[in-house]
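# Fold and contact review
Spelled out from the first residue to the last, the chains are:
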Amino acid sequence: MRKELLFEITAAVVLPNYLHFIWSLPPDDSNYSQRVSRFKVLFTRYLREKRSLSQDFSASRRQHRESDVWQRRFWEHTICDEHDLHRHLDYIHYNPVKHGLVSCPHL
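Since we're looking at a predicted model, the values are computed, not measured. (Residues numbered from 1 in each chain as written. Predicted model: local features only at pLDDT ≥ 70, side-chain atom pairs only at ≥ 80, totals over all residues. Heavy atoms only, no water.)

## Remarks on the pairing of strand 1 (residues 8-14)
Pairing analysis gives six bridges linking strand 1 to strand 2 (residues 19-24), with the strands arranged antiparallel. Bridge pairing in strand 2 places Val-14 opposite Leu-19. (Pairing = 2+ DSSP bridges. Helix = DSSP H or I, 4+ residues; strand = E, 2+ residues; numbered from the N terminus.)

## Focus: the packing of aromatic side chains
In this structure the tally under the stated criterion is four aromatic pairs. Ring centres of Phe-7 and Trp-23 lie 4.6 Å apart, and the angle between their planes is 40 degrees; on these two criteria the pair is classed as tilted. One end of the pair, Phe-7, is in the segment before strand 1; the other, Trp-23, is in strand 2, with 16 residues separating them in the sequence. Relative accessible area serves as the criterion here: at 7%, Phe-7 is assigned to the buried category. Summarising the aromatic geometry, the rings of Phe-39 and Phe-43 are spaced 6.2 Å apart at their centres and angled 15 degrees between planes, so their arrangement reads as stacked. Of this pair, Phe-39 and Phe-43 both sit in helix 1 (residues 32-49), four residues apart, which is roughly one turn of that helix. Accessibility expressed as a relative area gives 36% for Phe-43, which makes it partly exposed. Aromatic rings pair up to connect Phe-7, Phe-21, Trp-23, Phe-39 and Phe-43 into one cluster. (Phe/Tyr/Trp six-rings, centres within 6.5 Å; stacked < 30°, edge-to-face > 60°. Buried < 20%, exposed > 50% of the residue type's maximum accessible area, 1.4 Å probe, protein only.)

As structure tokens, then:
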């Protein structure tokens, strides 16, 4: 995906029910939606190929050609300054600790 739509991963955490990313996009490009959409498509396609995707989901999701892997919306936040960046880095790195998945964010 990063070959198609340029960006750098500054930080990421993947938890059982959700994930958080901090992405650095090219200057003058704030199109998060295109990247998130493409990420969802490619990940879902991978699951289908591996036959790891449930076929038991709602009629509404079938009508919109959606799986039950992703929620329909996502929430983005543009980092304002260095303090904001550190606040969000701390949040995503300590999220697995908060949910009891690890005892330390460094592991």
